[in-house]
Amino acid sequence: MTIKHDDRPAGDAWKPRIRPVKFVVAGGFGAGKTTFVGALSEIPPLRTEAAMTTVGARVDHRRGSEAKTTTTVAMDFGRLTVDEYLVMYLFGTPGQERFGFMWDDICTHALGAVVLVDTDRLDQSFPAVDYFEAKDVPFVVAVNRFEGTTRHDLGAVRDALGVSSHVPMTECDARHTESAKQVLLLLLDELVNAARARAAATVV
Amino acid sequence: MSAEPPSKGHGRTGGHDVVRPFVMTGGRTRADRRDLRIETMLTAVPGATTSGLSAEQVKLLRLCQAPISIAEASAELGLVIGVTTILAADLVSEGRLEVHQTDPVEIELDVLSRMIDAVRAL
Ligand SMILES: Nc1nc2c(ncn2[C@@H]2O[C@H](COP(=O)(O)OP(=O)(O)OP(=O)(O)O)[C@@H](O)[C@H]2O)c(=O)[nH]1
Ligand SMILES: [Mg+2]
């Protein structure tokens, strides 16, 4: 279904559209997603929950239906108000693998994504990288530096993750606003390039 | 749905009410509007009345006096995302709420520049 924005009643003063834009911060369990969102958000990260219905193994014969349990999965998000009409939201994906089914709900219509990588648990970043590549969501990879972890060079991390050479990659410390800012700016640059390419392609 | 009256505290996890919401939505677990996403912003249509609305819908409509996303409204109301979405979908179809969103493929360069300036200024 499409929403029409331009059918305002005649006489209504023209106003800029209200635009929420969504960014996703993904990565494995404990990779620093909440920390990253908190470093950039103007409000302390908010927590919201989505319900998940799991069909139990036990079948309730009396009611002729399968026993269902409803649990919730939490996600954190932050907000960055650009101006009265433009608001950026940063959503952290739930870290646990079993919430993979929620990714479409979180990621549909995302402008871009950041994949946080903990080099001690590289394998935990595979699902995010695969997901954004498959869905054509522009993304950047940020390698979080945790104390006491082995330093890997970015080229080695890129190879290990199987990230294509056109995907920007950087190091960061999610605890510091300045560092998190650079990651988001890298992603925004990438979006500018993509928008320019699209504009060039539509000019015949 | 179970005939048991929803008891307070039953099925609650982390402050969010899991069972009662499905009573609030008349048992529905999915909104029939696919255009309502977590970041979608809502605003109350000027002059929208609260007649015939449930207490939760009244609260939602009040929150939407200023633009607010479904995620923020959910956090504010203490409801799971799916329930807020269903409550909002009804208000939208009744013409009480207006929907605002951005399709990533139509994002303009000037909008990106405004975001870049805002992030640099942090
Ligand atoms: N040294 C270092 N520590 C970090 C960094 N980012 C996060 N941490 C720490 O790592 C721990 C986990 O960070 P979180 O932000 O909670 O990670 P998360 O990805 O949200 O975790 P889950 O939601 O449980 O998957 C916290 O103690 C952070 O302070 C980083 O860049 N460098
Ligand atoms: Mg977290």
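Residues numbered from 1 in each chain as written. Chains lettered and ligands numbered in written order. Predicted model: local features only at pLDDT ≥ 70, side-chain atom pairs only at ≥ 80, totals over all residues. Heavy atoms only, no water.

Help me out: how do you make sense of the overall build of chain A in this one?
Within chain A, the regular secondary structure consists of five helices and seven strands. Residues classed as buried in chain A amount to 46% of the 204 residues present. Sequence separation of 24 or more characterises 69% of the internal contacts of chain A that already satisfy a separation of 6 or more. In the form shown here, chain A has an accessible surface area of approximately 10,500 Å², with 52% of it arising from carbon and sulfur atoms. (Helix = DSSP H or I, 4+ residues; strand = E, 2+ residues; numbered from the N terminus. Buried < 20%, exposed > 50% of the residue type's maximum accessible area, 1.4 Å probe, protein only. Contact = heavy atoms within 4.5 Å. Areas by Shrake-Rupley, 256 points an atom, 1.4 Å probe, with all protein chains shown as cover.)

Explain the packing of helix 2 (residues 55-63) of chain B against helix 3 (residues 70-77) of chain B here, please?
In a packed pair of helices, the relevant descriptors are the angle between the two axes and the axis-to-axis distance. Residues and elements named next belong to chain B. Between helix 2 and helix 3, the least distance of the axes is 11 Å, while the angle of their chain directions is 130 degrees. Between helix 2 and helix 3, the interaxial angle falls into the category oblique. The chirality of how helix 2 crosses helix 3 is right-handed. When helix 2 is examined against helix 3, the residues Lys59, Leu60 and Leu63 are found in contact with a partner set consisting of Ala73, Glu76 and Leu77. Across the contact of helix 2 with helix 3, the residue classes tally to four nonpolar, no polar and two charged. (Axes fitted to C-alpha atoms, helices over the stretch in contact; angles between N-to-C directions. Parallel < 35°, antiparallel > 145°, perpendicular 65-115°, else oblique. Left-handed = near helix turned anticlockwise from the far one by under 90°. Nonpolar A, V, L, I, M, F, W, Y, C, P; charged D, E, K, R; others polar.)

What exactly am I supposed to notice about the environment of Thr177(A) here?
Residues and elements named next belong to chain A. Locating Thr177 in the fold gives a position in helix 5 (residues 177-202). Considering only alpha carbons, one finds Thr177 and Ser164, 13 residues apart in sequence, at a separation of 27 Å. Setting aside its immediate chain neighbours within four residues, Thr177 contacts Ala39 and Leu40. Polar contacts involving the side chain of Thr177 include one to the main-chain carbonyl oxygen of Ala39, which spans 3.0 Å. (Polar contact = N/O pair within 3.5 Å; in protein donor to acceptor, adjacent residues only side chain to side chain.)

It is not clear to me how the packing of aromatic side chains should be interpreted in this structure. Could you clarify?
Ring pairs (aromatic) are described by centroid distance and by the angle formed between their planes. All names here are of chain A. The final tally for this structure, using the stated rule, is six aromatic pairs over all chains. Considering the side-chain rings of Trp103 and Tyr131, the 5.1 Å spacing of their centres and the 65 degrees angle between planes classify their relative orientation as edge-to-face. Taken together, the residues Trp103 in helix 2 (residues 103-107) and Tyr131 in helix 3 (residues 126-135) connect sequence positions 28 residues apart. Its relative accessible area of 16% is what places Tyr131 among the buried residues. One aromatic cluster is present, built from ring pairs that chain together Trp103, Tyr131, Phe132 and Phe139. (Phe/Tyr/Trp six-rings, centres within 6.5 Å; stacked < 30°, edge-to-face > 60°.)

When you look at the packing of helix 2 of chain B against helix 4 (residues 81-93) of chain B in this model, what are you seeing that I'm missing?
Residues and elements named next belong to chain B. Interhelical geometry of helix 2 versus helix 4 gives an angle of 80 degrees and a closest axis separation of 10 Å. In terms of axis orientation, helix 2 runs roughly perpendicular to helix 4. When helix 2 is examined against helix 4, the residues Glu56, Gln57, Leu60 and Leu61 are found in contact with a partner set consisting of Thr84, Leu87, Ala88, Asp90 and Leu91. Looking at side-chain class alone, the contact of helix 2 with helix 4 contains five nonpolar, two polar and two charged residues.

Please clarify how the sheet that holds strand 5 (residues 97-100) of chain B should be interpreted in this entry.
In space, the three strands of this open sheet follow the order 4-3-5 (chain B), with antiparallel pairing throughout. Only two strands of the sheet have a single neighbouring strand rather than two, namely strand 4 (68-69) and strand 5 of chain B. (Pairing = 2+ DSSP bridges.)

Mind showing me how you'd approach the side chain of Glu39(B) here?
Tracing the sequence through the fold places Glu39(B) in the loop between helix 1 (20-24) and strand 3 (41-44). Discounting residues that sit within four places of it in the chain, Glu39(B) has contacts with Pro20(A), Lys22(A), Tyr89(A), Phe91(A), Thr108(A), His109(A) and Ser69(B).

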